[in-house]
Amino acid sequence: MRRYPAYDPPEYVNWEPDAELVSAYRDRVDGDPGLRWFVEHLEDGALLALYRGLLRFRLHDIALKRWVKQGITSKAWLGTGEEAVTVGAVHALRRGAGGDVVAPMIRNAGACHEMGLPIADMLRAYLGTADGPTGGRDLHLGSGSSGVIAPVSMVGSVATVVNGYALAFRRQHEDRVAMTWIGDGSTKTGEVHEALNFAAVQRLPVVFVIQNNQVALGTRLEQHHRGEGFSKWGAAYGMRSRTVDGNHVLEVLAATAGAVEDCRRGEGPAMIVAETFRMGGHATHDEREAREMLDASLFARWGRRDPIGLYEEYLATVPRLLGYDADPGGTETRGLTPGSGDTESWNRHVLEDIERKTTREVERAAEEALHSRDSAPAEAGPAELADCYG
């Protein structure tokens, strides 16, 4: 994808694929019979849907960072470098009315648009306009109709909330699953442990994604965590657990899909431990502090493992991305048709066309949200806010 020097982490600006990492990314799929079978049996378009989701998430964050630099907003909480943990997990769910539900942390904003929330509404929440999802009252947005549970400011507390949804699903005999993400820092709160234990004892249909991005606010993992990672946490509570490369969207998707199916069979709850890295500060206001606090080698190492860049390289060499509906002025009008060129050339043109479309989508959403600052209606009342809180 296009890189943005003013907004991307320095490691992403001149990103070039590392041959060893690209090979390892592909080998992770080909070398695991279960994962290979899963990827081979994905529905048509699923690979590209993941790509669109990753792009939307990155571009949404870039739009926010641009606003910060322009003085439109004071700061933003970004998921840059962690997109695959969110997008891969959400795509394992049944989305839409009456489907599964998610409770994202603020760094999982991509869950909102992949569950169906308009990006313009997500951006309006940052602007606090009256026509935003919360009527300008709160940045923590949700949507009952889209299956998005609004986050809780006390990070980690929402784990108990998703248990409530999951318990209701079970008691009402609904074939639905709840899911939330828990940061490595949030694992140190008492409510998280209560939630994990309660879900296990009650065998609830809920998936907990431990999003280990190596830092809690301004505290490095080794400063607040004595154990060797989180891979054994599921067993400690009596639930199935899978540890995945959080920068490998296909591995996240496959593991979460398996966890979701366990829950549907009544074998829940389940835990996904996703290893990733926060490529910035806790928010945009302390990026310099993060650079001073964490070793530069960490940023360099994880910067080479950009989840979007590596997935692009993987998609470039899969069997032809056929059946793609290129819009006028896009791929086909540049002289390339499904019957011409080699596989990699065709695939890369398809990806470029998707990026153009997605960029326009996010740019239009940002313009629409900015327009709301002047055109938003009078303050919303309780009725208008009902959907936000489910």
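In this report, the structure presented in the accompanying data block is examined. A quick note: this is a predicted structure, and the numbers were derived from the prediction, not measured.

What follows concerns the pairing of strand β6 (residues 240–245). One ladder, built from six bridges, connects β6 with strand β7 (residues 270–275); its direction is parallel. Residue pairing across strands places R240 opposite A270, the latter belonging to β7. With helix α12 (residues 249–264) bridging β6 and the parallel β7, this β-α-β connection has right-handed handedness.

This next bit is on the pattern of salt bridges. Here the structure, examined in full by the defined rule, presents 26 salt bridges. For the salt bridge of R176 with E174, the shortest nitrogen-to-oxygen distance reads 3.4 Å. A residue is classified by how much of its surface remains accessible, and R176, at 19% relative accessible area, is buried. Between R240 and E267 there is a salt bridge, and its shortest N-O distance comes to 3.0 Å. One end of the pair, R240, is in strand β6; the other, E267, is in the loop between α12 and β7, with 27 residues separating them in the sequence. One network of salt bridges, with partners in common, ties together R94, D100, D175, E261 and R264.

We now examine the nonpolar core. Ranked by size, the top nonpolar core spans 92 residues in total, and within it W181, V207, L250, Y311 and Y314 carry the most contacts. A total of 12 residues in this core trace back to one element, the largest contributor, which is helix α4 (residues 46–70). Ranked by size, the runner-up nonpolar core spans 26 residues in total, among them V158, L167, F169 and V273.

Cut-offs and rules
Residues numbered from 1 in each chain as written. Predicted model: local features only at pLDDT ≥ 70, side-chain atom pairs only at ≥ 80, totals over all residues. Heavy atoms only, no water. Pairing = 2+ DSSP bridges. Helix = DSSP H or I, 4+ residues; strand = E, 2+ residues; numbered from the N terminus. Right-handed = clockwise from strand over helix to strand, strands pointing away. Salt bridge = Lys/Arg side-chain N within 4 Å of Asp/Glu carboxyl O. Buried < 20%, exposed > 50% of the residue type's maximum accessible area, 1.4 Å probe, protein only. Core = buried A, V, L, I, M, F, W, Y, C linked by side-chain atoms within 4.5 Å.

Such coordinate-based values are descriptive only and should not be taken to indicate function.
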